[in-house]
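Breakdown of the fold
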Amino acid sequence: MIKSTTIIAILSPDERKSVVASDGQATMEDTVVKNNTDKVRVLYEGKVLAGFAGSTADAMTLFDKFEGKLEQYSGKLERAAVELTKEWRTDKILRKLEALMVVVDDSSLLLISGAGDVLRPDYNVIGIGSGGSYALSAGRALLSNSNLTAEEIARESLLITSSIDVYTNDQISLKSIEWQDPEE
């Protein structure tokens, strides 16, 4: 299990928006090292969001690799994710990385793992990291039973998680992208 962080990603067709948020806590074993780490990146000309659970060096490596795949495949998120996963599984160095990524654009929300997974969740929300299941549960409940915006749901889900998971704090980093109207 990836510890030390919680990431939540939401694809909101009603709002024409995608959101990825993370807590800010960075831990080393059982010690909090930093409280306001930003674990979310905006990629590919501001059209893709990515969040990461794992070590910082692994994150930087995978963000760079994934951004390269997005460039190579003209921003096609699913194709870039599959190609990253293939390389992740077959490269001698990359396959040692123990990590999870969530990526989202205007039409796809994906979980990517070094085990070869590229998964699209049944609902428009996913949570990863040590508090991922708590954030996912809160996010799904709020999506179905509230009128909150995607950003509000992401924040509230992480606040709920921070009250349960010791590896998650309430210093939230959130990024969102609004989708362009195809006719604009």
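As a reminder, the structure under discussion sits directly above these lines.
Report on the accompanying structure.

**Here we look at the overall build of the protein chain**
Within the protein chain one finds four helices and 11 strands. Since a compact globule built from 184 residues should have a radius of gyration of about 16 Å, the 15 Å found for the protein chain is in line with a globular shape. Its C-alpha atoms put the protein chain at 50 × 40 × 25 Å along the principal axes. Buried residues in the protein chain amount to 48% of all 184 residues. Long-range pairs, those at least 24 residues apart, make up 61% of the contacts in the protein chain between residues at least 6 apart in sequence. Accessible area of the protein chain: about 9,500 Å², with a carbon and sulfur share of 46%.

**Looking at the packing of helix H3 (residues 132–145) against helix H4 (residues 150–162)**
Here H3 crosses H4 at 135 degrees, and the two axes come no closer than 8 Å. Our classification of the angle between H3 and H4 gives oblique. Viewed along their axes, H3 and H4 form a crossing whose handedness is right-handed. Contacts from Tyr134, Ala135, Ala138, Gly139, Leu142 and Leu143 of H3 reach H4 at Ile153, Glu156, Ser157, Ile160 and Thr161. Class assignment for the residues of the contact of H3 with H4 results in seven nonpolar, three polar and one charged.

The rules we used
- Residues numbered from 1 in each chain as written.
- Predicted model: local features only at pLDDT ≥ 70, side-chain atom pairs only at ≥ 80, totals over all residues.
- Heavy atoms only, no water.
- Helix = DSSP H or I, 4+ residues; strand = E, 2+ residues; numbered from the N terminus.
- Rg over C-alpha atoms; globule rule 2.2 N^0.38 Å.
- Buried < 20%, exposed > 50% of the residue type's maximum accessible area, 1.4 Å probe, protein only.
- Contact = heavy atoms within 4.5 Å.
- Areas by Shrake-Rupley, 256 points an atom, 1.4 Å probe, with all protein chains shown as cover.
- Axes fitted to C-alpha atoms, helices over the stretch in contact; angles between N-to-C directions.
- Parallel < 35°, antiparallel > 145°, perpendicular 65-115°, else oblique.
- Left-handed = near helix turned anticlockwise from the far one by under 90°.
- Nonpolar A, V, L, I, M, F, W, Y, C, P; charged D, E, K, R; others polar.

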